[in-house]
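Structural characterization, general
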Amino acid sequence: GEDITFIHTPHLRSFVREHAISFRRAHVQIALCSPSRSSLVFGRRPDTTGIYDLSTAPRHGKCARCIALPQAFKQAGYYTAGVGKILHTSEWSKEAALWSIEHVDYPDAYFNWR
């Protein structure tokens, strides 16, 4: 990682010291974001979803017909909206069965901040 000790963040550092929770035995299904996220959304392990890399779209693995978590909530009458990293792929954002409202894509500048 990058050395960011030159950034002065006294309030953040004190918050971490006083209020943070340390997860020392946290585990993920797989050490890549897309397969891990798909695993969370489908409630299935990567060997069941068939998503092991960053290039396989969520519905192109073994879970083409699986019910996704937001889809289950929407079917049960809840209002669903995709916010944040769940919409990292346009595949999720365009799937009408998952969301109550249409997602508006962020401009490219949002993701290319470096």
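**Overview of the confidence of the model for the protein chain**
- Of all residues in the protein chain, 75% attain a pLDDT of 70 or more, and the chain-wide mean is 77.
- The element-level mean pLDDT for the protein chain is lowest in helix H6 (residues 108-111), coming to 48, with helix H4 (residues 69-75) highest at 92.

**What to know about the pattern of salt bridges**
- With the rule as written, the count across this model stands at 1 salt bridge.
- Asp-47 is the partner of Arg-45 in a salt bridge, and the nearest nitrogen-oxygen pair spans 3.0 Å.
- With relative accessibility at 54%, the residue Arg-45 sits in the exposed group.

**With respect to the packing of aromatic side chains**
- With the rule as written, the count across this model stands at 1 aromatic pair.
- Ring geometry for Phe-73 versus Tyr-78: centroids 5.5 Å apart, planes at 80°, classification edge-to-face.
- Classification of Tyr-78 by relative accessible area gives exposed; the value is 51%.

**Structural notes on the side chain of Arg-59**
- Note on placement: Arg-59 falls in the loop between helix H3 (46-49) and H4.
- Look at Arg-59 and you get buried, because its relative accessible area is 13%.
- Looking at Arg-59, its side chain comes within polar contact range of the main-chain oxygen of Cys-63, at 3.4 Å.
- Here Gln-71 takes part through its side chain, which lies 3.1 Å from a polar atom of the side chain of Arg-59.

**Concerning the environment of Cys-33**
- Tracing the sequence through the fold places Cys-33 in helix H2 (residues 33-42).
- Residue class for Cys-33 comes out partly exposed when judged on its relative accessible area of 36%.

Criteria and thresholds
- Residues numbered from 1 in each chain as written.
- Predicted model: local features only at pLDDT ≥ 70, side-chain atom pairs only at ≥ 80, totals over all residues.
- Heavy atoms only, no water.
- pLDDT = per-residue confidence, 0-100.
- Helix = DSSP H or I, 4+ residues; strand = E, 2+ residues; numbered from the N terminus.
- Salt bridge = Lys/Arg side-chain N within 4 Å of Asp/Glu carboxyl O.
- Buried < 20%, exposed > 50% of the residue type's maximum accessible area, 1.4 Å probe, protein only.
- Phe/Tyr/Trp six-rings, centres within 6.5 Å; stacked < 30°, edge-to-face > 60°.
- Polar contact = N/O pair within 3.5 Å; in protein donor to acceptor, adjacent residues only side chain to side chain.

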